[in-house]
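The residues making up each chain are set out below.
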Amino acid sequence: QVQLVESGGGLVQAGGSLILSCAASGSIFSINTMGWHRQAPGKERELVATITSSGSTTYTDSVKGRFTISRDNAKMTVYLQMNSLKPEDTAVYYCSADIKQIFERFREYWGQGTQVTVSS
């Protein structure tokens, strides 16, 4: 079985910083793109940032210049450094990863989510 476990969420004041972590575990042969998504109350889930196995990154416009995605391939972990947080960043943050188990095709896995609340 493959698991993604997120950590690092919490309550922070506007302008503050948080770092989220998401560690993959299980019988993993390879990991391609990893990403962070978020879902605010009453809104659809949106893609926040992605990072490929070679380190190429993408960001949604609203977080560019404030958030940084990174990964440690040896630890099978993806991070999201969030700076200059705004109340509109409040959401449940989910990580995802395209993972291949031996003898299997790549498929997308999701973490359970971690709450980030930014107070004004």
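Since this is a predicted model, take the numbers as computed values, not measurements. (Residues numbered from 1 in each chain as written. Predicted model: local features only at pLDDT ≥ 70, side-chain atom pairs only at ≥ 80, totals over all residues. Heavy atoms only, no water.)

## As for the packing of aromatic side chains
So, point 1. Taken as a whole, this structure holds zero aromatic pairs when the rule is applied.
So, point 2. For arginine 45, the ring lying beneath its charged end belongs to tyrosine 94, and the centroid distance is 3.8 Å.
So, point 3. We note arginine 45 situated over the ring of tryptophan 110; from NZ or CZ to the ring centre the distance is 4.8 Å. (Phe/Tyr/Trp six-rings, centres within 6.5 Å; stacked < 30°, edge-to-face > 60°. Lys NZ or Arg CZ within 6 Å of the ring centre and 35° of its normal.)

## Quick notes on the pairing of strand β11 (residues 114-119)
Here is the key point about a regular strand: its side chains alternate between the two faces of the sheet.
So, point 1. What you see with β11 is a clean split: Thr114, Val116 and Val118 sit on the buried side and Gln115, Thr117 and Ser119 on the side with no burial.
So, point 2. Where strand β2 (residues 10-13) and β11 come together, four bridges link them in parallel fashion. Across the sheet, glutamine 13 pairs through a bridge with serine 119, a residue of β11.
So, point 3. In this structure, strand β9 (residues 91-100) lies alongside β11, joined through three bridges in antiparallel fashion. Paired with valine 92 across the bridge in β11 is glutamine 115. (Buried < 20%, exposed > 50% of the residue type's maximum accessible area, 1.4 Å probe, protein only. Helix = DSSP H or I, 4+ residues; strand = E, 2+ residues; numbered from the N terminus. Pairing = 2+ DSSP bridges.)

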